[in-house]
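The residues making up each chain are set out below.
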2 protein chains.
Amino acid sequence: MADNFFDFIGDNNDGHWRIRSISTISGTPIPSADFLTIQQGNLQPSGQGTWSLKGFRSNIRYAERPEKEQLIAVQAPLGRSEATYAALIPIRKTAAWWDLTQEERRAIFEKKSHHTEIGLRYLPAIARQLYHSRDIGEPFDFLTWFEFAPEHEAQFEALLMALRQSEEWLYVDREIDIRLERV
Amino acid sequence: MADNFFDFIGDNNDGHWRIRSISTISGTPIPSADFLTIQQGNLQPSGQGTWSLKGFRSNIRYAERPEKEQLIAVQAPLGRSEATYAALIPIRKTAAWWDLTQEERRAIFEKKSHHTEIGLRYLPAIARQLYHSRDIGEPFDFLTWFEFAPEHEAQFEALLMALRQSEEWLYVDREIDIRLERV
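Quick caveat, the model's predicted, so the values are computed rather than measured.

What counts and what doesn't
Residues numbered from 1 in each chain as written. Chains lettered and ligands numbered in written order. Predicted model: local features only at pLDDT ≥ 70, side-chain atom pairs only at ≥ 80, totals over all residues. Heavy atoms only, no water. Helix = DSSP H or I, 4+ residues; strand = E, 2+ residues; numbered from the N terminus. Contact = heavy atoms within 4.5 Å. Buried < 20%, exposed > 50% of the residue type's maximum accessible area, 1.4 Å probe, protein only. Pairing = 2+ DSSP bridges. Buried area = accessible area lost by both parts, 1.4 Å probe. Salt bridge = Lys/Arg side-chain N within 4 Å of Asp/Glu carboxyl O. Polar contact = N/O pair within 3.5 Å; in protein donor to acceptor, adjacent residues only side chain to side chain. Nonpolar A, V, L, I, M, F, W, Y, C, P; charged D, E, K, R; others polar.

(A) Focus on the side chain of Asp135(B). Mapped onto the secondary structure, Asp135(B) falls in the loop between β6 (127–132) and β7 (142–148). In this structure, Asp135(B) is in contact with Asn4(A), Phe5(A), Phe56(A), Arg57(A), Ser58(A) and Arg61(A), ignoring residues within four places of it in sequence.

Dropping the structure here:
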């Protein structure tokens with residue numbers, strides 16, 4: 001059925017990833033947890049862990065053809081053995097963002113905020129995967145997942161700083177930054 | 001939780017709508033049923049009826065600002081007392097469609113196929129609501145729902161004919177046309 005659904009399960013006892021830190025960038029915090037497991041799920045609640053966030057992979061929404069080709073050419077897959085660090089960044093955007101039309105969002109996303117262009121600068125060091133949560137009644141609109149080698153964490157910080165200073169981020173009203181290390 | 005999810009339940013015994021006909025326009029047929037009920041659902045299967053299709057309402061994906069404003073100004077709500085006829089048209093699009101980028105899909109959808117422009121011609125006679133199904137592992141990508149007075153069914157046929165002759169419809173590989181009457 002829905003093989004594009006994944007559960008991100010925070011737990012205090014065990015998991016595939018050890019949580020190094022949970023920082024609330026904006027909005028309401030989430031409960032603490034020591035470990036995270038990501039597993040393929042379905043449309044039903046995982047019912048596991050201290051908290052559980054659900055998201056689904058979908059088609060790309062903003063990248064245009066040249067950007068899409070560039071992304072495909074340069075991006076790294078998840079699960080590289082050297083990528084022992086990861087970040088899970090759930091974000092929610094404002095009602096004002098969702099009231100915009102697709103082209104208005106695209107203009108802010110890329111023409112003004114250079115989202116894909118910024119992301120491309122850090123490929124292939126930073127592998128990433130987007131999960132959608134807005135349409136399925138979750139507390140966040142997106143779960144963004146990143147994997148990288150420990151020596152690339154400074155690059156990852158630079159990537160985040162660039163995005164958080166962009167116009168697009170004026171539309172983010174809840175953001176949690178969870179840093180992890182593979183167990 | 002997810003109050004944007006709806007189940008379309010086909011049943012042989014009763015329902016809010018009597019099914020007048022089920023026509024397979026392209027692709028695999030669906031089982032017959034005599035009645036249809038639409039009810040608010042959640043992410044779990046309805047487990048009801050002979051068959052059950054699930055979809056969710058979401059933000060508009062293609063209309064640009066002037067089209068969106070026009071739609072809002074002209075469109076009719078669901079549930080008008082005179083709109084005793086309805087159509088449920090589940091469609092699936094090809095992998096080639098989903099491999100396109102958003103801007104390429106938009107170009108086919110509107111610049112070449114005039115989808116919104118055609119739809120606007122038949123407002124407010126034909127009320128409609130789009131439900132998304134692709135991301136949730138359903139057999140169709142979209143469930144399109146239309147309500148109109150019986151005297152407007154000829155207009156509805158003209159609307160369908162225009163869309164089915166468009167370039168966009170080259171990317172539709174499964175389409176079922178279910179006509180209904182309010183019980």
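(B) Highlighting the pairing of strand β5 (residues 85–93) of chain A. All names here are of chain A. Most of β5 sits inside the fold, with eight of its nine residues counted as buried. Pairing of β5 with strand β7 (residues 142–148) involves seven bridges; the strand directions are antiparallel. The residue bridging Leu 88 from the neighbouring strand is Trp 145, located in β7. Strand direction decides the pairing type here: β5 and strand β8 (residues 172–182), joined by seven bridges, are antiparallel. Paired with Leu 88 across the bridge in β8 is Ile 178.

(C) Representation of unusual backbone geometry. Residues and elements named next belong to chain A. In this chain, Leu 123 is followed by Pro 124 through a cis amide linkage whose omega measures 0°. Within the secondary structure, Pro 124 sits in the loop between α4 (115–121) and β6 (127–132). Look at His 114: it is not a glycine, yet its phi comes out positive at around 55°. On the secondary structure map, His 114 appears in the loop between α3 (102–112) and α4. In this structure His 114 comes out as partly exposed when scored by relative accessible area, which is 32%.

(D) Expanded view of the interface of chain B and chain A. Listed by partner, the interface residues are 29 residues for chain B and 29 residues for chain A. Interface of chain B and chain A: buried area, both sides summed, is about 2,400 Å²; carbon and sulfur atoms make up 45% of it. The tally of links from chain B across to chain A stands at four salt bridges. Between Glu104(A) and Arg65(B) there is a salt bridge, with its nearest N and O atoms 2.6 Å apart. Here chain B is connected to chain A by 14 residue pairs in polar contact (both at pLDDT 80 or more). Of all the secondary structure elements, the ones that give two or more residues to the side of chain B that touches chain A are α1 (65–74), α2 (95–99) and α3 (102–112) of chain B. Of the residues assigned to the side of chain B that touches chain A, the class counts are 11 nonpolar, seven polar and 11 charged.

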